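Summary of the model geometry
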Amino acid sequence: MENQGSSGVLKQGTTEEKGEMARLSSFVGAMAIADLVASTLGPKGMDKILESMGRSKHVTVTNDGATILKSVYVDNPAARVLVDISKTQDDEVGDGTTSVVVLAGELLREAERLVAQRIHPMTIIAGYREAVTVSRDYLEGLAMDNGEDPVAFRNDLLRIAKTTLSSKILTQDKEHFAELAVDAVLRLKGSGNLEMIQIIKRSGGSLRDSFLDEGFILDKRIGVGQPKRVENAKILIANTSMDTDKIKIYGARVRVDSMDKVASIEAAEKNKMKQKVENILKHNCNCFVNRQLIYNYPEQLFTDAGVMAIEH
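Owing to the predicted nature of the structure, the values given are computational and were not obtained by experimental measurement.

Across its full length, the chain holds nine helices and five strands. For the chain, the sequential pattern of α-helices and β-strands runs α-β-β-α-α-α-α-α-α-β-α-β-α-β. Split into buried and exposed, the 312 residues of the chain put 24% on the buried side. In the chain, the share of contacts with a sequence separation of at least 24, taken over all contacts with a separation of at least 6, comes to 57%. Of the roughly 23100 Å² that the chain leaves accessible, carbon and sulfur atoms contribute 54%.

Structure, rendered in structure tokens:
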């Protein structure tokens, strides 16, 4: 019987690498990715100019490792592992995307030298795992906990924020943005839910015009003629239809023989909306926030009552 190996199993056109060639290909691909982003690392890291291959020829200038690696087409399996490491770091931590790739690349570079000395890969892996344990124990011995001292704890957070911003586009204003970031996080009072921090972007002005405001900012238009400023607000939040411009009778067909009857139906709808607004005003609120649209007639009723109405 003739032994055809794996040629009868793999898809036509598939290439297979084994042993030394496969190992060398993995080393070369991973180290190439690490070298690609190594020059962007640190406060003196350089930017990369990325141009898309599409018709738009979109150009991006960045030194963010995750952005660069997401924009580069990678065919090498080992290199794709490093790209996935960077994506995971970005999703879980939000910083250090370049550092993890460069560190992994240097570990692989040293591993290649050890493999060239005929040291078995499993021996190298066991050594790296032991080094991780030793490094973690050493770092934990150096760690300081200032959680009981609010002033020292805030200073620690400021230093961390400044270090993180040193390699970003905000490096010129890192003092200002470090204060904003730390104050925002401290207001969470230990909660790790960063979705509680709302970021609103506005064009124009300078970076230093950015500020952290108390409470919640809702970027919406206030109704015409309604108060623009309300102190000691009693806010009612709803998700209800507040439109009477169109007749809405679902599941039925109405036939009329004169425009007067159409007007009477519209008047009934209008009266129904008036009662709805009156029921809302009975809650003694002075600010009404509705998830749906508020049409002209109910808006006018809120204006007459001196209530601020915010729609959509």
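Per-residue confidence for the chain averages 81 on the pLDDT scale, and 89% of its residues sit at or above 70. Confidence scores differ between elements of the chain, with helix 8 (residues 259-281) showing the lowest mean pLDDT of 79 and helix 5 (residues 121-142) the highest of 93.

Okay, a nonpolar patch on the surface next. On the surface, a cluster of nonpolar side chains totalling about 280 Å² of accessible area is made up of Met 21, Leu 24 and Val 28. Locating Leu 24 in the fold gives a position in helix 1 (residues 19-38). Here Leu 24 falls in the partly exposed class, since its relative accessible area comes to 39%.

A side chain of one charge can pair with a side chain of the opposite charge if their charged atoms are brought near each other. Inspection of every chain in the model, using the stated rule, returns 11 salt bridges. Here Glu 106 makes a salt bridge to Arg 109, at a shortest N to O gap of 3.4 Å. Of the two residues, Glu 106 and Arg 109 both sit in helix 4 (residues 97-116), three residues apart, roughly one turn of that helix. We classify Glu 106 as partly exposed; its relative accessible area is 36%. Between Arg 221 and Glu 311 there is a salt bridge whose closest N-O contact spans 3.7 Å. With Arg 221 in the loop between helix 7 (174-186) and strand 3 (235-238) and Glu 311 in the segment after strand 5 (308-310), this pair connects stretches of sequence that are 90 residues apart. One network of salt bridges, with partners in common, ties together Asp 35, Glu 106 and Arg 109.

Before going further, it helps to spend a moment on unusual backbone geometry. The phi dihedral of Arg 118 is positive, around 65 degrees, even though this residue is not glycine. Mapped onto the fold, Arg 118 is located in the loop between helix 4 and helix 5. Residue Asn 284 is not a glycine yet carries a positive backbone phi of 60 degrees. In this fold, Asn 284 is placed in the loop between helix 8 and strand 4 (287-290).

Turning next to the sheet that holds strand 3. One open sheet holds the three strands; their spatial order is 3-4-5, and the pairing between them is parallel. Because the sheet does not close on itself, it has two edges, and the strands there are strand 3 and strand 5. Put simply, the sheet's adjacent strands are angled 15 degrees from each other on average, direction ignored. With three bridges connecting them, strand 4 and strand 5 associate as parallel partners. If you follow Val 289 over to strand 5, its bridge partner there is Ile 310.

Before going further, it helps to examine the packing of aromatic side chains. Applying the stated criterion to the full structure yields one aromatic pair. Plain terms: the ring middles of Phe 288 and Phe 302 are 5.0 Å apart, the flat faces sit at 25 degrees to each other, and that makes the pair stacked. Of the two residues, Phe 288 sits in strand 4 while Phe 302 sits in helix 9 (residues 296-304), which places them 14 residues apart along the sequence.

This paragraph deals with the side chain of Asn 76. Secondary-structure assignment places Asn 76 in the loop between helix 2 (65-71) and helix 3 (77-92). According to the relative accessible area criterion, Asn 76 is buried, its value standing at 16%. At 3.1 Å, the side chain of Asn 76 forms a polar contact with the backbone nitrogen of Ala 79.

This brings us to the pairing of strand 4. What you see with strand 4 is no split at all: Cys 287 and Val 289 on one side and Phe 288 and Asn 290 on the other are buried throughout. As paired strands, strand 3 and strand 4 are joined by four bridges and run parallel to one another. The residue of strand 4 that forms the bridge with Ile 237 is Val 289. Regarding topology, helix 9 serves as the crossover connection from strand 4 to the parallel strand 5, and that connection is right-handed.

What tends to happen in soluble globular proteins is that the nonpolar side chains get buried as a cluster. Counting 15 residues, the largest nonpolar core has Ile 33, Val 37, Leu 69, Val 74, Leu 82 and Val 101 as its most contacted members. Dropping the residues within four chain positions of it, Ile 33 is found in contact with Leu 69, Val 74, Ala 79, Leu 82 and Val 101.

Mapped onto the elements, Val 72 comes out in the loop between helix 2 and helix 3. Through-space distance from the C-alpha of Val 72 to that of Ser 52 is 9.3 Å; in sequence the pair is 20 residues apart.

Now for the state of the cysteines. Linking two cysteines covalently via their sulfur atoms produces the bond known as a disulfide. Summed over all chains, the structure comprises zero disulfides. Not part of a disulfide, Cys 285 finds its nearest cysteine sulfur in Cys 287, a span of 7.8 Å. The exposure class assigned to Cys 285 is buried, which follows from its relative accessible area of 9%.

Each value, and the rule that gives it
Residues numbered from 1 in each chain as written. Predicted model: local features only at pLDDT ≥ 70, side-chain atom pairs only at ≥ 80, totals over all residues. Heavy atoms only, no water. Helix = DSSP H or I, 4+ residues; strand = E, 2+ residues; numbered from the N terminus. Buried < 20%, exposed > 50% of the residue type's maximum accessible area, 1.4 Å probe, protein only. Contact = heavy atoms within 4.5 Å. Areas by Shrake-Rupley, 256 points an atom, 1.4 Å probe, with all protein chains shown as cover. pLDDT = per-residue confidence, 0-100. Patch = residues over 30% accessible without salt bridge, like charges linked within 9 Å, V, L, I, M, F, W, Y side chains within 5 Å. Salt bridge = Lys/Arg side-chain N within 4 Å of Asp/Glu carboxyl O. Pairing = 2+ DSSP bridges. Axes fitted to C-alpha atoms, helices over the stretch in contact; angles between N-to-C directions. Phe/Tyr/Trp six-rings, centres within 6.5 Å; stacked < 30°, edge-to-face > 60°. Polar contact = N/O pair within 3.5 Å; in protein donor to acceptor, adjacent residues only side chain to side chain. Right-handed = clockwise from strand over helix to strand, strands pointing away. Core = buried A, V, L, I, M, F, W, Y, C linked by side-chain atoms within 4.5 Å. Disulfide = S-S within 2.5 Å.

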